[in-house]
Amino acid sequence: MKRKNLIFVSALLASQSMMAQTPYMNENYMPTDLIGSARYVGMGGALGALGADLSTASSNPAALGLYRRSDAALSFSVLTQQEKPDLNADMTHLSFDQMGFVVSIPVMAKSVRYVNFGVNYQKRANFNQSFIADNGALNGLSQTQQMADILNHTQYSTPLADLMYNSCLVNPEYIRDNQGNVQVDQEGNPLYDSYNALASDRNNYDRTTEGGIAGYDFNLSMNIKDRVYLGFTLGVNDVDYYSYSTYREFGTISDGQGNSYSDFENYSLYNTQHVSGYGINVKLGGIFRPIGNSPFRIGLAVETPTFYHLESYSSYSIDSPMMEDENYDIYINQDRNGKFIYTNYLPDVDLANLHMKITTPWKFRVSLGHTIGTYLAIGAEYEYADYSKTKQGYEDWDYDYWGYGYSRGTTHDRDMDALHKSTLRGSHSFKFGMELNLTDNVAFRAGYNYYSRMFKEEATLDQTGPSPAFGYQTTTDYMNKNDVNIFTTGLGYHGKHFYADMAYKCRIQSGDFYAFDDTYITQTGGRLTPVDVNLNTHQVFFTLGYKF
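Q: Which residues make up the overall build of the protein, and what are the values?
A: In terms of regular secondary structure, the protein is built from 5 helices and 27 strands. Across its three principal directions, the C-alpha atoms of the protein cover 100 × 55 × 40 Å. Relative to all contacts within the protein whose residues are 6 or more apart in sequence, the contacts with residues 24 or more apart total 73%. Surface accessibility of the protein: about 23,800 Å² in total, with carbon and sulfur atoms responsible for 55%. Across the protein, the 41 positively charged side chains and the 59 negatively charged ones have centroids separated by 16 Å.

As structure tokens, then:
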């Protein structure tokens, strides 16, 4: 028997179904990684005060003011993750990471010595990753229980809760008479008290993400008396994110005829997500030599929020063997030979794209740099960003007579802003690096980065809040990622004009993965134990450049 569909609603977006943006999705647009030229990576990116590298346009715009010759370079890398989802998986990816130039114009005026113009492409984030997060101890918990909780305690459904209802995974507790017949109202609709769900023993989860964020920096900088360096960078980020995930739950279940099946596959959930768009920010920076005869430098930089205009799309489906008969009893669908039949359920609402705006927080940087003779350079940098200040809104999208879309303004999601504030926190990062000239042409480099975690330890993806975005949520999983440690080393060769560099980066991070939120699930079997996910990666960078 086909059920009557639930109608999931949103106060803001009642005619669309799409992937909701939450703090755990928005984290992707605020990456904590080290990508750029091989020299920049080899020195841990600690060049905010040392300067004279194209990749510094994104951290301290004044750093390009130290150029006294024009420069052009391109960089690429080979990326691999430490832990493979399976033995046959190819987790090695070639990445095009940087290409740009700076034109240095000698002015030699009384104050201004050089004016430099730079354009640089640099990858901000690399999303190519796969992982498995199976949990063998659900203790009777289930993703379906979270969906039942939403239906029991909120005024709306969600696309996922609606689909689980249609596929008989979340079921009403019908009111029955003494003969077991379901009571109905005057219009013939069955009466019920609440919704119940499955109990599961274990789950399987796997996700693959692809794409990245490409950054384009347009820089203007100047050298004032070889003591003060000032710079301005206009940054444009191009976002392209894909995610493919599969989630399965297993448990012990009865077919209603006295037969019990252990480790039975209750259902499978498939999700595909795509986000694309662009973001714009501005960076201002300065480098100062406070002591006239000393090469010691202090760098200061500020980066405005990145104003993202994004478009998201999601598709999802469920394979379920559960069916409901004419008396509203749930049974397992089987063929004549006793083989279980899984039906693929698709959403009944037409999918559409969501146009949204994400605003990241301000970033503040302080850097130090010093050189000893012509053989050693050392640098350090500190950055602070309060990610709890992340803001979210939606474009009021409409279409004219000819079918062309246009925005009528923005509606701010203050409830999602409150969730950002309760789950995210201020984050600190430190960069250290050095370069040692072994000969007149060969240099050795080493660096270290530390990024404190972005999410609070107790953060959860609670979907019972009033944010309109949750009226369109098609996933439940989230990961609280831990601190990031990055170790780098590298070598460089530089001649009169041509130079070549290489660097190795080891990025170490783990995450606590939750397939669903059990905060409001009432049961006595225990809480959901997170799965420890290894996110470590290794990357080798190569740069070819020419100075003129």
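Q: Can you break down empty space enclosed by the protein residue by residue, with the values?
A: Scanning the entire structure with this criterion turns up 5 cavities of 30 Å³ or more. Reported here for the largest cavity is a volume of approximately 880 Å³. Around the largest cavity sit 50 residues that line it, and E27, N28, F127, Q129 and K481 are the ones nearest its centre. Among the residues making up the lining of the largest cavity, the classes are represented as 22 nonpolar, 20 polar and 8 charged. Here the second largest cavity is characterised by a volume of approximately 510 Å³. Only β3 (112-126), β9 (260-288), β16 (363-372), β17 (376-386) and β20 (426-437) provide two or more residues apiece to the lining of the second largest cavity.

Q: Describe in detail the sheet that holds strand β22 (residues 478-481), supporting the description with residues and values.
A: The 3 strands lie next to each other as β22-β25-β26, forming an open sheet whose pairing is antiparallel. Sheet topology places β22 and β26 (531-534) at the edges, where each strand pairs with a single neighbour. Ignoring which end each strand starts from, the neighbouring axes of this sheet average 35 degrees apart. Relative to β26, strand β25 (residues 510-514) runs antiparallel, the two being bridged by 4 bridges. Paired with G511 across the bridge in β26 is V533.

Q: Pulling in residues and values, what's your account of the environment of N482?
A: Locating N482 in the fold gives a position in the loop between β22 and β23 (484-494). Placed 358 residues apart in sequence, N482 and R124 show a C-alpha to C-alpha distance of 20 Å. Setting aside chain neighbours within four positions, we find N482 in contact with R453, Q509, S510, G511 and D512. Of the polar contacts made by the side chain of N482, one reaches the side chain of R453; its length is 3.0 Å.

Q: Can you lay out the packing of helix α3 (residues 143-153) against helix α4 (residues 159-166) for me, pointing to particular residues and giving the numbers?
A: In the contact formed by α3 and α4, the axes pass within 9 Å of each other and the chain directions differ by 110 degrees. Between α3 and α4, the angle is such that the two are roughly perpendicular. On α4, the residues touching Q143, T144, M147 and L151 of α3 are L160, A161 and M164. The residue inventory of the contact of α3 with α4, partitioned by class, reads 5 nonpolar, 2 polar and no charged.

Q: Describe the environment of A515, and please don't skip the residues or the numbers.
A: Along the chain, the position of A515 falls in the loop between β25 and β26. Along the chain, A515 and S254 lie 261 residues apart, while their C-alpha atoms are 25 Å from each other. Contacts of A515, omitting those with residues within four sequence positions, involve Q143, N203, Y247, T476, D477 and L528.

Q: Got a sec to walk through the layout of surface pockets? Specific residues and values, please.
A: Estimates place the volume of the largest pocket at around 1,100 Å³. Lining the largest pocket we find 41 residues, and of these R39, G51, A52, E435 and K547 sit closest to its centre. Of all elements in the fold, only β1 (71-81), β17, β20, β21 (442-451), β23, β24 (498-508) and β27 (537-547) reach the threshold of two or more residues within the lining of the largest pocket. With 3 residues, β24 is the largest single contributor of residues to the lining of the largest pocket. Considered class by class, the residues forming the lining of the largest pocket number 14 nonpolar, 13 polar and 14 charged.

Q: So what's going on with the side chain of T474? Which residues, and what values?
A: Tracing the backbone through its elements, the reader meets T474 in the loop between β21 and β22. At 3.1 Å, the side chain of T474 forms a polar contact with the side chain of S314.

Cut-off values and rules
Residues numbered from 1 in each chain as written. Predicted model: local features only at pLDDT ≥ 70, side-chain atom pairs only at ≥ 80, totals over all residues. Heavy atoms only, no water. Helix = DSSP H or I, 4+ residues; strand = E, 2+ residues; numbered from the N terminus. Contact = heavy atoms within 4.5 Å. Areas by Shrake-Rupley, 256 points an atom, 1.4 Å probe, with all protein chains shown as cover. Lys, Arg positive; Asp, Glu negative; His and termini not counted. Charge placed at Lys NZ, Arg CZ, Asp CG, Glu CD. 1 Å grid on protein atoms, 1.4 Å probe; cavity = no way out; pocket = protein on both sides within 12 Å on 5 of 7 lines; lining within 4 Å. Points joined across faces, edges and corners; volume = space filled by probe spheres on them. Nonpolar A, V, L, I, M, F, W, Y, C, P; charged D, E, K, R; others polar. Pairing = 2+ DSSP bridges. Axes fitted to C-alpha atoms, helices over the stretch in contact; angles between N-to-C directions. Polar contact = N/O pair within 3.5 Å; in protein donor to acceptor, adjacent residues only side chain to side chain. Parallel < 35°, antiparallel > 145°, perpendicular 65-115°, else oblique.

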